Amino acid sequence: MDETGLYTDRVGTPLGDMIMTSHGEALLGLWFQGERYEPGEQELAGARRNPDLPVFQETRRWLELYFQGKDPGFTPPLELSGSVFRQQVGRIMLTIPYGKTMTYGAIAREMAGKTGKKQMSAQAVGGAVGHNPISLIIPCHRVVGSSGSLTGYGGGMPRKVWLLEHEGIDLKASGFTIPKKGTAL
């Protein structure tokens, strides 16, 4: 392993290149190039490119199946990062089935139940969802507003729309709306 203990590689997808990171055993990050929270050069300084890393090969296989229009049926080894709160939100997102959506409010209610609180802020959940470091596999694109708004997506609204439609969700029939303004369009 290199001095930072971080490996990286890129993978091409129909929606643009994605950057993968790992410490060797589990996937730490998967971002579309140009995504809002994509790691910069400074964050990847010292990382060594290793396309043969088994977790990168599994991630490529997952992405290949996904972009063929299939539910991959497995999850590469993942290491959730960030605060305990963000990790818990990430675990809930992992339960959203292929071709389905979940609202920020529903995640907030589930988080409240898990933490023994009476309620949880959907806005706090939104912050955690927005900082998801493992795009697609942890399906933040499947999280929507309770009003039917697709809200935002760090990878850009056109990608979110494409991903949901790719999974067979009829946005119009489902009553989803695309926001006209916001920070993650």
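Small disclaimer: the values here were computed from a predicted structure and weren't measured. (Residues numbered from 1 in each chain as written. Predicted model: local features only at pLDDT ≥ 70, side-chain atom pairs only at ≥ 80, totals over all residues. Heavy atoms only, no water.)

Thoughts on the domain arrangement of the protein chain
The domains assigned to the protein chain are domain 1 (7–68) and domain 2 (84–167). Computed from C-alpha coordinates alone, the two centres of domain 1 and domain 2 are separated by 21 Å. On the domain 1 side of the contact with domain 2, Leu-15, Tyr-37 and Tyr-66 bury the most area, a combined 39% of that side's loss. At the boundary of domain 1 and domain 2, one finds 0 salt bridges. Seen at the junction of domain 1 and domain 2, the total is 6 residue pairs in polar contact (both at pLDDT 80 or more). (Domains from an automatic or database assignment. Buried area = accessible area lost by both parts, 1.4 Å probe. Salt bridge = Lys/Arg side-chain N within 4 Å of Asp/Glu carboxyl O. Polar contact = N/O pair within 3.5 Å; in protein donor to acceptor, adjacent residues only side chain to side chain.)

Comments concerning helix H3 (residues 84–93)
Within H3 the residues assigned to the buried category are Val-89, Gly-90, Ile-92 and Met-93. Projected down its long axis, H3 shows its buried positions confined to an angular sector of 160 degrees, all on one face. On the buried face of H3, the contacting elements are strand E5 (102–103), helix H4 (104–115), helix H5 (122–130) and strand E6 (143–144). (Buried < 20%, exposed > 50% of the residue type's maximum accessible area, 1.4 Å probe, protein only. Helix = DSSP H or I, 4+ residues; strand = E, 2+ residues; numbered from the N terminus. Arc of directions from axis to C-beta. Contact = heavy atoms within 4.5 Å.)

Regarding helix H6 (residues 157–166)
For H6, the set of buried residues is Met-157, Arg-159, Lys-160, Val-161, Leu-163 and Leu-164. Residues of H6 that are buried sit in contact with strand E3 (27–32), helix H2 (54–67), H4 and E6. Backbone geometry just downstream of H6 places Gly-168 in the positive-phi region, at approximately 90 degrees.

Structural notes on the packing of aromatic side chains
Throughout the structure, instances matching the rule amount to 4 aromatic pairs. Judged by centre distance (5.3 Å) and plane angle (90 degrees), the ring pair of Tyr-66 and Phe-67 falls under edge-to-face. We classify Tyr-66 as buried; its relative accessible area is 0%. You can call Phe-67 buried: its relative accessible area is 15%. With a centroid separation of 5.9 Å and 75 degrees between ring planes, the pair formed by Tyr-66 and Tyr-98 is classed as edge-to-face. Remark: Tyr-98 occurs in the loop between H3 and E5 and Tyr-66 occurs in helix H2; sequence separation between them is 32 residues. Each member of the aromatic cluster is reached from another via a ring pair, and the members are Trp-62, Tyr-66, Phe-67, Tyr-98 and Trp-162. (Phe/Tyr/Trp six-rings, centres within 6.5 Å; stacked < 30°, edge-to-face > 60°.)

Here we look at the sheet that holds strand E1 (residues 7–11)
With respect to topology, 4 strands assemble into an open sheet ordered E3-E2-E1-E4, the strand pairing being mixed. The open sheet has two edge strands with one neighbour each: E3 and strand E4 (48–49). In the sheet, E1 pairs with E4 via 2 bridges, with the strands oriented parallel. If you follow Tyr-7 over to E4, its bridge partner there is Arg-48. (Pairing = 2+ DSSP bridges.)

Overview of the packing of H4 against H5
Between H4 and H5, whose axes approach to 8 Å, the crossing angle comes to 100 degrees. Taken together, the axes of H4 and H5 are roughly perpendicular relative to one another. Residues Tyr-104, Gly-105, Ile-107 and Ala-108 of H4 touch H5, and the partners they reach there are Ala-122, Val-125, Gly-126 and Val-129. (Axes fitted to C-alpha atoms, helices over the stretch in contact; angles between N-to-C directions. Parallel < 35°, antiparallel > 145°, perpendicular 65-115°, else oblique.)

Thoughts on the pattern of salt bridges
Close approach of charged atoms lets side chains of opposite charge pair. Evaluation of the coordinates by the stated rule reveals 4 salt bridges. Note that Asp-9 and Arg-49 form a salt bridge whose closest N and O atoms lie 2.8 Å from each other. Here Arg-49 lies in strand E4 and Asp-9 lies in strand E1, a separation of 40 residues in the sequence. Judged by its relative accessible area of 3%, Asp-9 falls in the buried class.

Here we look at the pairing of E1
With respect to burial, E1 is a largely interior element, 4 of its 5 residues being buried. The hairpin formed by E1 and strand E2 (residues 18–22) contains 6 residues between the paired strands, and Gly-16 there has a positive phi angle of roughly 115 degrees.

Here we look at the side chain of Asn-132
With respect to the secondary-structure elements, Asn-132 resides in the loop between H5 and E6. Given a relative accessible area of 6%, Asn-132 falls into the buried group. Other than its neighbours up to four places away in sequence, Asn-132 contacts Trp-31, Met-93, Ile-138 and Cys-140.

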